[in-house]
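Below, each chain spelled out in residue letters.
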Amino acid sequence: MTVSPRVDPAERGGVEISSYAGLMLDGGFRMGESPSGRPEADAIFRDAQGHTCTVKNKELFTYANGDHDFKFTDAQLKAWLATRCPAVNPGY
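My aim in this report is to walk through the structure given alongside it, one point at a time.

Observations regarding the packing of aromatic side chains
Scanning the model with the defined rule gives 4 aromatic pairs in all. On the numbers, 5.8 Å between centres and 75° between planes, the contact of Phe70 with Phe72 is edge-to-face. A residue is classified by how much of its surface remains accessible, and Phe72, at 18% relative accessible area, is buried. When the centroid spacing of 5.3 Å and the interplanar angle of 35° are considered together, the rings of Phe72 and Trp80 count as tilted. Each member of the pair, Phe72 as well as Trp80, carries the same accessibility label: buried. The structure contains a cluster of three or more aromatic residues connected by ring pairs, namely Phe45, Phe61, Phe70, Phe72 and Trp80.

Shown next, in the form of structure tokens:
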């Protein structure tokens, strides 16, 4: 893991996890709010082998009344990734 000595919005928060033995979703960073609260912003999936896939938050979250919720169960996410991000292996 690498941590930047300063918080800079241009760095998506300044924390980078370079290796993890599973599936990660990097939603980035937003000062004072959830980064996944922006439907048009990018989120990045990364698997244990380092394969990545960039998607829009609106593909992953539902939005209503100022709130957002993840759309998928684990099984649904695995099936969705197989078609939307075929190079990414969820590992489960």
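With respect to the environment of Ser34
Of note, Ser34 is situated in the loop between strand 3 (24-26) and strand 4 (42-46). Given a relative accessible area of 31%, Ser34 falls into the partly exposed group. For the pair Ser34 and Lys56, spaced 22 residues apart in the sequence, the C-alpha separation amounts to 14 Å. A polar atom in the side chain of Ser34 sits 2.8 Å from the side chain of Ser36.

Considering the pattern of salt bridges
Under the definition given, this model contains 3 salt bridges. Of the charged contacts, one joins Lys58 and Glu40 as a salt bridge, the two residues approaching to 2.9 Å between their closest N and O atoms. With Lys58 in helix 1 (residues 57-60) and Glu40 in the loop between strand 3 and strand 4, this residue pair connects regions lying 18 residues apart in the sequence.

What counts as what
- Residues numbered from 1 in each chain as written.
- Predicted model: local features only at pLDDT ≥ 70, side-chain atom pairs only at ≥ 80, totals over all residues.
- Heavy atoms only, no water.
- Phe/Tyr/Trp six-rings, centres within 6.5 Å; stacked < 30°, edge-to-face > 60°.
- Buried < 20%, exposed > 50% of the residue type's maximum accessible area, 1.4 Å probe, protein only.
- Helix = DSSP H or I, 4+ residues; strand = E, 2+ residues; numbered from the N terminus.
- Polar contact = N/O pair within 3.5 Å; in protein donor to acceptor, adjacent residues only side chain to side chain.
- Salt bridge = Lys/Arg side-chain N within 4 Å of Asp/Glu carboxyl O.

Everything listed here is a matter of geometry and, on its own, says nothing about what the molecule does.
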